[in-house]
2 protein chains.
Amino acid sequence: MSLRFDLLATDGAARRGRLTTAHGTVETPAFMPVGTAGTVKGMLPENVAATGAEVVLGNTYHLMLRPGAERVARLGGLHRFMNWPRAILTDSGGYQVMSLSELRQLTEDGVTFRSHIDGSYHHLSPERSVEIQRLLNSDVTMVLDECPRFGTPRDEVANSLKLTSRWAARSRAAFVDRPGHGLFGIVQGGVHADLRAQSAADLMDIGFDGYAVGGLAVGEDRDTMLGVLDVTVPRLPADRPRYLMGVGKPVDLVEAVARGIDMFDCVLPTRSGRTGQGFTRRGAVNLRNARHKDDPRPLEDACGCPACRQFSRAYLHHLIQAREILGAVLLTWHNLRHYQDLMGDLRAAIEAGTLETFRAEFHAARARGDIDPMG
Amino acid sequence: MSLRFDLLATDGAARRGRLTTAHGTVETPAFMPVGTAGTVKGMLPENVAATGAEVVLGNTYHLMLRPGAERVARLGGLHRFMNWPRAILTDSGGYQVMSLSELRQLTEDGVTFRSHIDGSYHHLSPERSVEIQRLLNSDVTMVLDECPRFGTPRDEVANSLKLTSRWAARSRAAFVDRPGHGLFGIVQGGVHADLRAQSAADLMDIGFDGYAVGGLAVGEDRDTMLGVLDVTVPRLPADRPRYLMGVGKPVDLVEAVARGIDMFDCVLPTRSGRTGQGFTRRGAVNLRNARHKDDPRPLEDACGCPACRQFSRAYLHHLIQAREILGAVLLTWHNLRHYQDLMGDLRAAIEAGTLETFRAEFHAARARGDIDPMG
């Protein structure tokens, strides 16, 4: 194994760990902001770091199409290109190929598709995906997988996960071990406990630096998602990090951490920030709503981000209404800070053995709703 | 007079001064970034200040329509609303009424128009414009003026400037003197030397804290604009600041400073930054151009802004191509820093009595064009 993972404490199924990469350590449970095309949208890298993030996610699909993996390599790799000196996890490109590109053709070898940017043809195989991620100099490389849509019949899911297992073996063979760089497998199997178990067993036979749970947050309800975690996570090796892909809302993070997940990524804090949604301890707030237009109070009292320290809800409402760039920037910043603060609280609670208390208070605060009415 | 202006040095017609407002001092010659709707687009106020700016411009037209002047006043004034503790100059709203709104009707009393945002009806008189700017708590209030389009016949320009003079007198009567707050008149008269002289004389009879030159940068060529300055600026009182409205490119600033202008505003550094143009000592650079896509060098070697210190031209090109918010933010930041650095150099040259040398070197650097081709 090339990536060190230290388990520092546990509290029930929840784990407090530390992942050591070629670009620094990552305290887990960790949330990874999504830096799709070589930028966490609207944020300077130094400000992403200031929110507490120690690792960001880069999208292989976007970067291979523009500016191109070989170009990024010539320019010194993705860390240098985007001026992010800390850890980077890259996805395999498979998910975006399925959701964004046109004219996809899936074969045993891989997937051929047309770019959503210029219509050009591209082929992505397990080996090419690993090669692209090496060119980007990713710290954590993800295997190419097939992610069936929610509602796919069971027999198709079973066939799909076997393809994912064969691709995982090819990815492992193609991956060049380097200190501080690692490869994660991805457990598929839809909502079926036995298929999840089979997928996990296949991947553990191959052996990876970490294990992701894929194919969730694709339309199923929260109970279904948590049920899949209940049957999947206990089958994964305790000494390796576990990454729940593409999830989620703050409540999802709390519940998944309680079930033993160590890593997360999601576009929600950045994407919803750009459209005027701010996350608080008492739930999500839509700053577009006219009730904020005369409110001199900060979005959240206790928050240390610039949006909350320097501006009122009235001003944030104005910026969102006027479609000002600064509105998107400030709410993105706040949301990233909110997510990192939540992860910090979860880590502290696990260390203290008080996760159940934290979890109860977390749910109670959300039940109270947004801050009390003025005056 | 309510605004103190100290003339510290001169070099030919150029002046080195200091304007003292209720919200701090402004070293002149000064460039004012445009904060249209209560935000310098894409920039945190602390970063605008870090570029060297000591005063920003707010647009009365935009702010009166959204969020509304009375609302800003209830929220503590524009400085507090936008978290900009330094000086603010507000325009009168007249220019944007003419360029942005619909269904304008101009009478002796003022102008009635429909909002470009929601079609609502509004009336702007000299008195209401002054009142709005007081509600915003502007440090420098501008009188409502009429700005004839470029190419307007001479007799219409003559009638228009007399209306502007009558409105200026009404504005002066409506303005409430407060320490550190002042009112500027606006010289009109198109390209006609005698009309400019008449307008300046009218305004000086009324008496203002400062004198703006309006009605330029509306389509005329640079020689015409500078010719108007040549016949107008010498007629303005030496002990009061002179403000050239809406101008301009770096070369315009250098030439206008050499002719005795003290203050400038222009959307160019912010607006062109959002579309991929970066200003350098060797001229403007279009980062959208494919020649930058493999260039590891900074936009400008000597620049201290984050765009130049942290990123390559290749990365900036990528951000602009991908329409990423960070591209707009970084080039806006760079351009504002470039403009402030230029003003700082001009101030230093005037103090040293070397403005002519600086001016010659400025033009020579631009004649050499963008940085040398890569090795």
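Structure: above.
First, a word on scope: everything that follows refers to the structure included in this document.

Let us now look at helix 14 (residues 325–352) of chain A. In a regular helix each residue adds 1.5 Å, so 28 residues correspond to 40 Å; helix 14 of chain A covers 41 Å between its end C-alpha atoms and thus fits that length. Burial analysis of helix 14 of chain A places 22 of its 28 residues in the buried class, which makes it a mostly covered element.

Before going further, it helps to spend a moment on the interface of chain B and chain A. By a widely used convention, the size of an interface equals the accessible area lost when the partners come together. Contacts between chain B and chain A engage 33 residues on the former and 33 residues on the latter. Elements supplying a minimum of two residues to the side of chain B that touches chain A: helix 3 (69–74), helix 4 (78–82), helix 12 (306–310), helix 13 (313–321) and helix 14 (325–352) of chain B. In terms of residue count, the dominant contributor to the side of chain B that touches chain A is helix 13 of chain B (five residues). Within the side of chain B that touches chain A, the residues separate by chemical class into 18 nonpolar, eight polar and seven charged.

Residues and elements named next belong to chain B. Side chains Val111 and Phe113 of strand 8 (residues 111–114) all project onto a buried face; the interleaved residues Thr112 and Arg114 project onto a face where none is buried. In this sheet, strand 8 lies alongside strand 7 (residues 102–106) in antiparallel orientation, the contact comprising three bridges. Of the residues in strand 8, the one forming a bridge with Leu106 is Val111. Between strand 7 and strand 8, which pair antiparallel and follow one another directly, the connecting turn spans four residues. In this structure, strand 8 lies alongside strand 9 (residues 121–124), joined through four bridges in antiparallel fashion.

All right, on to the sheet that holds strand 2 (residues 14–21) of chain A then. All names here are of chain A. An order of 1-2-3 is seen for the three strands of this open sheet, with the pairing classed as antiparallel. The open sheet terminates on both sides in strands that have one partner only, identified here as strand 1 (4–11) and strand 3 (24–28). Averaged over all pairs of adjacent strands, the angle between strand axes in this sheet comes to 15 degrees, irrespective of strand direction. The sheet contact formed by strand 1 and strand 2 spans seven bridges and is antiparallel. When the bridges of strand 2 are listed, Asp11 appears paired with Ala14. Lying over the sheet, helix 14 contacts strand 1, strand 2 and strand 3, oriented at roughly 120 degrees with respect to strand 2.

Peptide bonds are mostly trans, and most non-glycine residues show a negative phi. All names here are of chain A. Here the amide bond leading from Arg66 into Pro67 is cis, since omega sits at 10 degrees, within 30 degrees of zero. Mapped onto the elements, Pro67 comes out in the loop between helix 2 (60–65) and helix 3 (69–74). At Asn83, a position not held by glycine, the phi torsion is positive, near 55 degrees. If you trace the backbone, Asn83 turns up in the loop between helix 4 (78–82) and strand 6 (87–90). Of note in this structure, Ala217 is not a glycine but carries a positive phi near 55 degrees. In this fold, Ala217 is placed in the loop between strand 12 (210–213) and helix 9 (222–232).

Calculation rules
- Residue positions are counted from 1 within each chain, in the order its sequence is given.
- By the order in which they are written, chains take letters starting at A while ligands take numbers starting at 1.
- Note on the predicted model: pLDDT of at least 70 is required for a residue's local features to be given, and 80 or more for side-chain atom pairs to be given and counted; whole-chain, interface and lining totals, by contrast, use all residues.
- Strands here are runs of E lasting at least two residues and helices are runs of H or I lasting at least four, both read from the DSSP assignment and numbered beginning at the N terminus.
- One less than the residue count of a helix, multiplied by 1.5 Å, gives the span that helix is expected to have.
- Each residue is classed by its C-beta neighbour count within 10 Å, where at least 20 other C-beta atoms makes it buried, 12 or fewer makes it exposed, and intermediate counts make it partly exposed; the C-beta atoms are placed from backbone geometry.
- In this description, any two residues whose backbone-derived C-beta atoms lie within 7 Å of each other are considered to be in contact.
- Here the nonpolar group is Ala, Val, Leu, Ile, Met, Phe, Trp, Tyr, Cys and Pro; Asp, Glu, Lys and Arg are the charged ones; every other residue, Gly included, is treated as polar.
- Any two strands between which DSSP finds at least two bridges are classified as paired.
- To obtain each axis, a line is fitted to C-alpha atoms, and for helices this fit is confined to the stretch in contact; angles are then taken between N-to-C directions over 0 to 180 degrees.

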